[in-house]
Structures are given as structure tokens and as C-alpha cells.
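The lines below spell out each chain.
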Amino acid sequence: MNMMNLKTILMANVVLMGAGFMMQAQADDAQLIKQGEYISRLGDCSACHTLPGKPAFSGGLAIKSDLGTIYSTNITPDKEHGIGNYSEQQFADAVRKGVLPDGTSLYPAMPYPDYAKTSDEDIHALYTYFMQGVKPSAEVPAKTELSFPFSQRWGMKLWNWAFTSDKPFQPIGGASAEINRGAYLVESLGHCGSCHTPRGLGMNEKALDSSDAKFLSGGNLNGWDVPSLRGVAHWNAQEIVDYLGKGRNDKAAVGGEMTSVVENSTGYMTDADLKAIAAYLKFLGGNPAIPPANTQAANATEAKLTAAKNLSEGERLYLDNCAACHFVTGKGAPGVFPELDQATLVNAQDPTGLVHTILMGAQQPSTARAPSTLVMPGFKARLSDEEVAQLSTFIRQGWSNNAPAVTADDVSKVRKKLAE
């Protein structure tokens, strides 16, 4: 072999090695982008930053709050209107601290108090996805303009000092790897506490992790009672998995804000992550067991509806409008129509959620695990305020249920809010 042939072979090997390294790098980047896309699903980014008919992550969602309307921003990699000029550190500071590159503070409609626990590894994957896997958009969302004093964003620095923490996620000592995976998902990217933890006077979450019994102990969102997730005593672990993964289980179906959560986030989670969340919620405990069904009262309601004699106005309205799906037993159809007997929504202290559902109806999301979309019609145009009140009162006091009566004035307030 002469020197010329040897050089040719060496050059060819160098080229092949370079091509191999390039192909491996491209494969690694593709895997990282895919991982980042999954992280974005865990964080439910699209729910707030993507509007129907608009480019993905181009912002513009109007978020109603007690302070006023806050509009979500463009988080595509567009260099002028999005986050295309962010370094990874600046991206991390925005996600975990609520601070933009120019020092401007975000409002906590962006759940950075929870995202603060997101790991460096997940932040890196998320950044890679947004910079390389998302198409840039020049869409310019409406600008958030709150009234004084809430327009003074510098005040958020004081709020952050008082109500947030920069401590990373703390694993639960003695708990299994599965439970700790669930804890990480719930406390950080899942930001479940932003809705399911009670708020303080500063509109802050009263607790940010499981070390405090107030964490996930329930709250109120836009007038809807938000149930406690501690222990979820009325469901087993598989029912939690089904509810999050399918938007329905044998007892209930999602409604209100949870519809979007399942549609954009939990419906995409792996079985392993859903099981980890269920394990963590069951591990928390803290809720008293749900009282057993009042069989005598449930049987009495079923018998009266079946006989269809001497009915109250609420009972008549139920037979005319609801019994075809939820049946005289109030038990619905497993995995199809939710139970009304002992349902959390039905027995909530505040009847807003139930009244809202009766007026506007509900639609279960289509997910990979449950593609069918089931729709409950709304009765806003069909029933008067008094009729909705009578119907709601019967549902809240029939079978084993034991919740306060609903008045026509209660219904009128919900209807007016819907009109706004």
C-alpha cells in the first residue's frame, strides 16, 4: 500500500467518523426535543399559550382573575415577538422564577411558584423543544394592562419574597420511587396546587408541597368548589388513572377547568406517570373516609322516581331531562355517564359548578385512551332560573346526597356571569 492510498483511507475514515458523530448528535437532539415536548405536556403549556385557530404557543388566552384580565404571551422561538433570543438561563428564570430577561416580573397566572421545583434536566429538554421543535410565530397577543396598583409589576418582587420558594424538589424520605415521581409531577410541572390548594389573602397558594397539610386540600376557582386531592378516598388508584388519562372513570367525568387539563396534558401522560400520580395522592391521605351510601334514602328516591307519582317539581324535571342518562338510581353508566349519587360536584357547598353544568352542559374530551366524545346538552334556554333551582335542589338532596338547597337567585347569578 502506497502513501497516497493510506491517506485516502485515513481521510475516508475521518469523513465516516464525522458523519457518524453528526448522525448521533442529530439522533440525540431529536430525542431531547421529543422529551421536551413531553415535558411541555406535563406542564400543560399549550392550554394557556395556544388558542384555537392560532399558531401553537403564540399566546393570547384571556385569563380572568380578581386583578383583571391577564393575556398569555407568545412563547414560540420568534426572535421579535417570542422567546427566540432567550438564553437557557433566561428561559429557566422565566419558568422557575417568573422573571423576564429585562427584569420584568410575571404575574403568577403563570404558575412559576410550582414550576420552581422543575429539575435542570427537564428545563434543558423543555428549552431545546421550544427553540428547535416549535415553529416561530410573529403573532402579537393582546397586552396585559391591569389597573393601579396591580399594574406596578415591581410589587411582584415583594410578593415573590413573601410567597414563593427557590428550593428544588425535595423527595419524601422513606417513600417509594414511584411515589416520589408522582410527588415531583404534582408539585412541579403538574402545578396541581395552583387550583387544588386554598389561597391566602395575597392570592398565594397556602402551601407548595406535601410537608404542609393544606397542600391540595381544596379551594375555589371561578366560583366552583375545587375538591381536595389528599387521599382521594372515594376513588381507588385505577380510577384516578382513568380520570386523568381518559377524562372519565366508572364514577365521574371531567368538567370545568379539568376538561382542558385532560385534553392538553394528563391525557398525554404515560401510564407509569399516571400511576405515580395516583400513588402519591393515595399516599398523602388526610381526608376522612367518604360516608357510606345511605341505602335507605337512595332506595326511597329510586322507588319514587320509578313510580313517578306525587312528584315534586325537582323530581319531575329530573325524569324529563336527566333520567335517560343518569337513571332513576342516580348512578349513570360506568365510563359513560357520571354518577350523581355522592358526586363531589353535586355535594359541593357552593352549587355554582352544578348549576353551570346544567345550564351550559358538558363535553368529555377525546383522548388516545378514550377517543369518543360524549356530550351533555345544556338547558340554559329550556329551563327557567326557578326550574334549574328546583332540579339542582332535588339532585343535591336525592339518594345519599345531603347538600344545601339552591335558590333561583343562585341560578340567576351564574347565568349573569355566563352572559358576561
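The rules behind these values
- Residues numbered from 1 in each chain as written.
- Predicted model: local features only at pLDDT ≥ 70, side-chain atom pairs only at ≥ 80, totals over all residues.
- Heavy atoms only, no water.
- Axes fitted to C-alpha atoms, helices over the stretch in contact; angles between N-to-C directions.
- Helix = DSSP H or I, 4+ residues; strand = E, 2+ residues; numbered from the N terminus.
- Parallel < 35°, antiparallel > 145°, perpendicular 65-115°, else oblique.
- Left-handed = near helix turned anticlockwise from the far one by under 90°.
- Contact = heavy atoms within 4.5 Å.
- Buried < 20%, exposed > 50% of the residue type's maximum accessible area, 1.4 Å probe, protein only.
- 1 Å grid on protein atoms, 1.4 Å probe; cavity = no way out; pocket = protein on both sides within 12 Å on 5 of 7 lines; lining within 4 Å.
- Points joined across faces, edges and corners; volume = space filled by probe spheres on them.
- Nonpolar A, V, L, I, M, F, W, Y, C, P; charged D, E, K, R; others polar.
- UniProt positions renumbered as here; feature names shortened; annotations may be inferred.
- Polar contact = N/O pair within 3.5 Å; in protein donor to acceptor, adjacent residues only side chain to side chain.
- Arc of directions from axis to C-beta.
- Disulfide = S-S within 2.5 Å.
- Salt bridge = Lys/Arg side-chain N within 4 Å of Asp/Glu carboxyl O.
- Core = buried A, V, L, I, M, F, W, Y, C linked by side-chain atoms within 4.5 Å.

Colleague: So what exactly am I meant to see when it comes to the packing of helix α9 (residues 237-246) against helix α11 (residues 271-284) here?
Modeller: To describe two helices that pack against each other, one gives the angle between their axes and the distance between the axes. Where α9 contacts α11, the axes come no closer than 9 Å and their chain directions differ by 130°. By the angle class used here, α9 and α11 are oblique. Seen along the crossing, α9 lies across α11 with a hand that is right-handed. Two secondary-structure elements touch here, α9 through A237, I240, V241, L244 and G245 and α11 through L274, K275, I277, A278, L281 and K282.

Colleague: Sorry if this is basic, but what is going on with the environment of V375 here?
Modeller: Relative to the helices and strands, V375 resides in strand β6 (residues 375-376). Note on V375: relative accessible area 55%, which makes it exposed. Taking the C-alpha atoms as reference points, V375 and Q363, 12 residues apart in sequence, are found 4.4 Å from one another. Apart from the residues lying within four places of it in its own chain, the contact partners of V375 are A362 and Q363.

Colleague: How should I be thinking about empty space enclosed by the protein in this particular structure?
Modeller: Picture a little ball the size of a water molecule; that probe, rolled over the atoms, points out where space is still empty. The full count for this structure, using the stated rule, is one cavity of 30 Å³ or more. A volume near 60 Å³ is recorded for the largest cavity. Forming the walls of the largest cavity are P108, P111, P113, D114, W159, F163, S194, R199, N204, E205 and L208. Residue classes in the lining of the largest cavity are distributed as six nonpolar, two polar and three charged.

Colleague: Explain the UniProt feature "domain: Cytochrome c" (unreviewed entry) in the protein here, please?
Modeller: Here the UniProt feature "domain: Cytochrome c" (unreviewed entry) sits at residues 31-134, 177-285 and 309-399. Taken end to end, residues 31-134 has its terminal C-alpha atoms 14 Å apart, with 42% of it in helix and 8% in strand. Strand forms 6% of residues 177-285 and helix 43%; the C-alpha atoms that close the span are 18 Å apart.

Colleague: In this structure, what is going on with the side chain of D341? I would like to understand it.
Modeller: Turning to its location among the elements, D341 is positioned in the loop between α14 (323-326) and α15 (344-347). Classification of D341 as buried rests on a relative accessible area of 2%. A polar atom in the side chain of D341 sits 3.5 Å from the side chain of K331. Looking at D341, its side chain comes within polar contact range of the main-chain nitrogen of S400, at 2.9 Å.

Colleague: Looking at this model, I keep getting lost on unusual backbone geometry. Mind explaining?
Modeller: One can expect most non-glycine residues to show negative phi and most peptide bonds to be in trans. The backbone of L216 sits at a positive phi, close to 60°, despite the residue not being glycine. In this fold, L216 is placed in the loop between α8 (193-196) and β3 (219-221). Within the chain, N310 stands out as a residue other than glycine whose phi angle is a positive 50°. Mapped onto the fold, N310 is located in the loop between α12 (295-307) and α13 (313-321).

Colleague: Help me understand the layout of surface pockets in this model?
Modeller: Looking at the second largest pocket, its volume works out to about 290 Å³. Around the second largest pocket sit 19 residues that line it, and R96, K97, A116, S165 and D166 are the ones nearest its centre. Among the secondary structure elements, those contributing two or more residues to the lining of the second largest pocket are α3 (88-97) and α4 (112-115). With five residues, the single largest contributor to the lining of the second largest pocket is α3. Residue composition of the lining of the second largest pocket, grouped by class: seven nonpolar, six polar and six charged.

Colleague: Looking at this structure, how should I read the packing of helix α7 (residues 177-187) against α11?
Modeller: Contact geometry of α7 with α11 gives a least axis separation of 7 Å together with a crossing angle of 90°. Judged by the inter-axis angle, α7 sits roughly perpendicular to α11. In this structure, α7 uses E178, I179, R181, G182, A183, L185, V186 and E187 to contact α11, whose residues at the interface are D273, K275, A276, I277, A279, Y280 and F283.

Colleague: Would you take a moment to explain α3 for this structure?
Modeller: The periodicity of an α-helix, 3.6 residues per turn, causes residues three or four places apart in sequence to face the same way. If you check which residues of α3 are buried, you get F91, A92, A94 and V95. Relative to the axis of α3, the buried residues are bounded by an arc of 160° and lie together on one face. Immediately downstream of α3, the backbone of G98 shows phi near 70°, a positive value.

Colleague: Quick question: what am I supposed to make of the state of the cysteines here?
Modeller: Between two cysteines, a covalent bond joining their sulfur atoms is known as a disulfide. For the structure shown, the criterion picks out zero disulfides. This cysteine, C192, is not joined by any disulfide, and C195 carries the nearest cysteine sulfur, 8.8 Å off. Look at C192 and you get partly exposed, because its relative accessible area is 22%. Note on C325: no disulfide assigned, nearest cysteine sulfur contributed by C322 at a separation of 8.7 Å. Judged by its relative accessible area of 30%, C325 is partly exposed.

Colleague: Help me understand the pattern of salt bridges in this model?
Modeller: Opposite charge on two side chains permits pairing when their charged atoms draw close. Counted under the stated rule, the structure contains 13 salt bridges. Put simply, D271 and R369 hold a salt bridge, and the shortest N to O gap is 2.9 Å. Taken together, the positions of D271 in helix α11 and R369 in the loop between β5 (362-363) and β6 put the pair 98 residues apart, joining distant regions of the chain. Residue classification places R369 among the partly exposed residues on the basis of a relative accessible area of 29%. Put simply, E313, R316 and D320 are held in one network by salt bridges that share partners.

Colleague: So what exactly am I meant to see when it comes to the nonpolar core here?
Modeller: Nonpolar side chains in soluble globular proteins tend to be buried together. Counting residues in hydrophobic clusters, the biggest one holds 53 residues, and the most contacted among them are F91, F130, L216, Y280 and L281. When contributions to this core are tallied by element, the ones reaching two or more residues are α1 (3-42), α3, α5 (120-132), α7, α9, α10 (257-264) and α11. Among residues more than four places away in sequence, those in contact with L216 are V186, C192, G193, H196, T197, S228, L229, R230, Y280, L281 and L284. One finds A298, V346, L354 and I358 within the second-largest nonpolar core, a separate group that totals 24 residues.

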